[in-house]
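Breakdown of the fold
Each chain, letter by letter, is given below.
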Amino acid sequence: MVNVTIDGIKVQVPEKTTILDAASKAGVHIPTLCFMKELNEIGACRICVVEVEGYERLFTACNNSVAEGMVIHTNSKKARDARKVNVKLILSQHNTNCAVCVRSGNCTLQKVANDLNIHSLPYKKQLPENKGSVKFPLIRDYDKCIKCMRCIQVCDKVQNTNIWDVVNTGSRVTVDVTGVYNLEDSQCALCGQCITHCPVGALRERDDVDRVIEAIEDPDKITVVQIAPSIRAAWGEPFGLDAEFATVKRLAAALRRVGFDYVFDTNFTADLTIMEEGSEFLEKLQHPEKNRFPMFTSCCPGWVRYVKAHYPEFVDNLSSAKSPQQMFGAVTKSYYAEILNVDPSKIFCVSIMPCLAKKAECAYPSMVDAQGNPEVDCSLTTREMNRLIRSDQIMVKELPEEELDMPLGIGSGAGNIFGATGGVMEAALRSAYFLVNGKNPDADAFKAVRGMDGWKEAEFELAGKTLKVAVTNGLGNANKLLTYLKQGRVHYDFVEVMACPGGCVGGGGQPIHDGVEMAPERAPILYSQDANMDLRFSHENPSIKKIYEDYLGKPLSEKAHQLLHTDHHAWKMPGED
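Predicted model, so just to flag it, every value in this text is computed and none were measured.

**Some remarks on the overall build of the chain**
- Summing up its helical and strand segments, the chain has 18 helices and 17 strands in all.
- By the compact-globule yardstick of 25 Å for 577 residues, the chain fits well, its C-alpha radius of gyration being 25 Å.
- For the chain, the spread of C-alpha atoms along the principal axes amounts to about 80 × 55 × 50 Å.
- Sequence separation of 24 or more characterises 74% of the internal contacts of the chain that already satisfy a separation of 6 or more.
- Just so you have it, the chain exposes about 23700 Å², and 48% of that area is on carbon and sulfur atoms.
- With 64 positive and 74 negative side-chain charges, the chain shows a spacing of 6 Å between the two charge centroids.

**Re unusual backbone geometry**
- Phe-293 connects to Pro-294 through a cis peptide bond whose omega is 0 degrees.
- With respect to the helices and strands, Pro-294 occurs in the loop between α8 (266-286) and β12 (295-296).
- We note that Leu-556 has phi near 70 degrees; this positive angle belongs to a residue other than glycine.
- Assessed through its relative accessible area of 18%, Leu-556 is described here as buried.

**A look at the nonpolar core**
- One finds Val-87, Leu-109, Leu-138, Trp-164, Phe-296 and Trp-303 to be the most contacted residues of the largest nonpolar core, which totals 94 residues.
- With six residues, the top contributor of residues to this core is helix α14 (residues 423-437).
- Residues in contact with Leu-138, not counting those within four places in the same chain, are Trp-164, Leu-183, Cys-188, Leu-190, Cys-194, Ile-195, Leu-203, Arg-204 and Leu-356.
- Ala-252, Val-258, Val-263 and Leu-380 belong to the second largest nonpolar core, which has 34 residues in total.

**So, the packing of helix α2 (residues 77-92) against helix α3 (residues 108-115)**
- Two numbers describe how α2 lies on α3: the axes approach to 10 Å, and their chain directions differ by 135 degrees. Judged by the angle between their axes, α2 and α3 are oblique. Once α2 is placed against α3, the crossing between them reads as left-handed. Listed contacts from α3 to Val-87, Ile-90 and Leu-91 of α2 are Leu-109, Val-112 and Ala-113.

**Quick word on the packing of aromatic side chains**
- This structure, assessed with the given rule, holds 16 aromatic pairs.
- Aromatic rings pair up to connect Phe-296, Trp-303, Tyr-306, Tyr-311 and Phe-314 into one cluster.
- Lying across the ring of Trp-571, Lys-308 places its NZ or CZ 4.6 Å from the centre.

**A word on a nonpolar patch on the surface**
- Where nonpolar side chains cluster on the molecular surface, the patch consists of Val-85, Leu-89 and Tyr-123 and spans about 230 Å² of accessible area.
- Examined against the element boundaries, Leu-89 turns out to sit in helix α2.
- With a relative accessible area of 39%, Leu-89 lands in the partly exposed category.

**What to know about the environment of Asp-514**
- Within the secondary structure, Asp-514 sits in the loop between β17 (494-498) and α16 (519-531).
- If we skip the residues at most four places from it in the chain, Asp-514 touches Thr-108, Arg-150 and Pro-199.
- A distance of 2.2 Å separates the side chain of Asp-514 from the side chain of Thr-108, its partner in a polar contact.

Cut-offs applied
- Residues numbered from 1 in each chain as written.
- Predicted model: local features only at pLDDT ≥ 70, side-chain atom pairs only at ≥ 80, totals over all residues.
- Heavy atoms only, no water.
- Helix = DSSP H or I, 4+ residues; strand = E, 2+ residues; numbered from the N terminus.
- Rg over C-alpha atoms; globule rule 2.2 N^0.38 Å.
- Contact = heavy atoms within 4.5 Å.
- Areas by Shrake-Rupley, 256 points an atom, 1.4 Å probe, with all protein chains shown as cover.
- Lys, Arg positive; Asp, Glu negative; His and termini not counted.
- Charge placed at Lys NZ, Arg CZ, Asp CG, Glu CD.
- Buried < 20%, exposed > 50% of the residue type's maximum accessible area, 1.4 Å probe, protein only.
- Core = buried A, V, L, I, M, F, W, Y, C linked by side-chain atoms within 4.5 Å.
- Axes fitted to C-alpha atoms, helices over the stretch in contact; angles between N-to-C directions.
- Parallel < 35°, antiparallel > 145°, perpendicular 65-115°, else oblique.
- Left-handed = near helix turned anticlockwise from the far one by under 90°.
- Phe/Tyr/Trp six-rings, centres within 6.5 Å; stacked < 30°, edge-to-face > 60°.
- Lys NZ or Arg CZ within 6 Å of the ring centre and 35° of its normal.
- Patch = residues over 30% accessible without salt bridge, like charges linked within 9 Å, V, L, I, M, F, W, Y side chains within 5 Å.
- Salt bridge = Lys/Arg side-chain N within 4 Å of Asp/Glu carboxyl O.
- Polar contact = N/O pair within 3.5 Å; in protein donor to acceptor, adjacent residues only side chain to side chain.

In short, the description is geometric, and any link to function would need to be established separately.
Shown next as structure tokens:
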């Protein structure tokens, strides 16, 4: 153990403890900007500088360790003045038009500057003139980048997609896309993790709120909105609501106040996905000689983009089932249009999703209805939905709960847990067991696939066969799994992959809490909701039974294939042959 004194407070900490961690133990706050524990500890911003007695130079607290007898002053005049100068220099190369920035009020640079009582800049503004595409789902505002390198680190170390890199030299050093000139020409999976790990507004999603408002105000349009499973675990956070109050029914009330004609639940098509994907898996098990294993889930478009770009040899292992978002759009503009007795072109379908890849997915040329129109017209992230609600001055704390519309507003607990890593696998196994045995298993029989571990394995008995399954979250973990598969070091029958760490609850479109990974806090909400539901199996959803009875016939029928399945080769990633 090491004894140090921090701002007059004596504290004992293990050897190799950083000054930042030691200060935290002593109850002393040191501001940081570029720092992310175990991910970005490079001291690039120089905001965390402190004075150590006996040394002329200042120390960065985030990556310097304490030593025996060290006396540290975190807020001496020397440290405070240097900190303020460093922040002012950063602000001189940062677009400080905060009133029109999506991160205003939730920006670490803004908070640090306010906390340091900075109200003016003595330095000349030097802003880059580069502009990114405003059409791509992921937008980079070059004049807001503070060169903290967080996006590079999360993209390389966590997601293994290597999209961002340091470019140029000397005073011109900055962060930009690597290998190509434009972000839209890169192999970006659109997971959005670079956004949620950016401390400022340099990275953001394309904002489609105005498109949705325009559709709502169009008297000739019928606006339909679907709410993804993971949204109910996160949407209330920016409004200061706890999970018990921020229910999906209260969200439905808010969306009706916004002006949507019908509010539905993507849990419905999560259940539909299970019926199709589960049946597809069982059919492949019956004819192993004709199929490729493992079968991969296909409900995460970020994962699909990644495998197409980095491991094209595994594309044919993907389930042909569309994602729940796209199944919902397909059903809305066929089955539901017939129920309403309207032309499908009059329906404007909006999805509320936890990621940016959904924006790309709904624009693929293969994701269109019988008339050639998009199945899903517009996809909003959770953050965009929150801005939409705020723009209408809706006081969500005052709203009552309201039921979702029928018949597409009912989903099972199995559909609900789609939002957490392992949820798709567990939901699929629940119904696969029923389809094979004619009876339900215990609803929690397959809970071995739950948890935040990046790569989980389990074995289950099904149809007289021992199934070996795997669940992975985060593209870096998916990369390891695919590498092991290529090398023949592991063998599986069924694999679930989610692009974002923790699954959709940790999605790149979810509310941002700088420096905090929220997936471990949000996932238990979905599992708790599942445990308290009477309906916990996808195949028991009455609306699922109804759509097969009245419209689709049975899983994997010709009509089901036409509406609910897709060809993953029908669209191309940049650079794909």
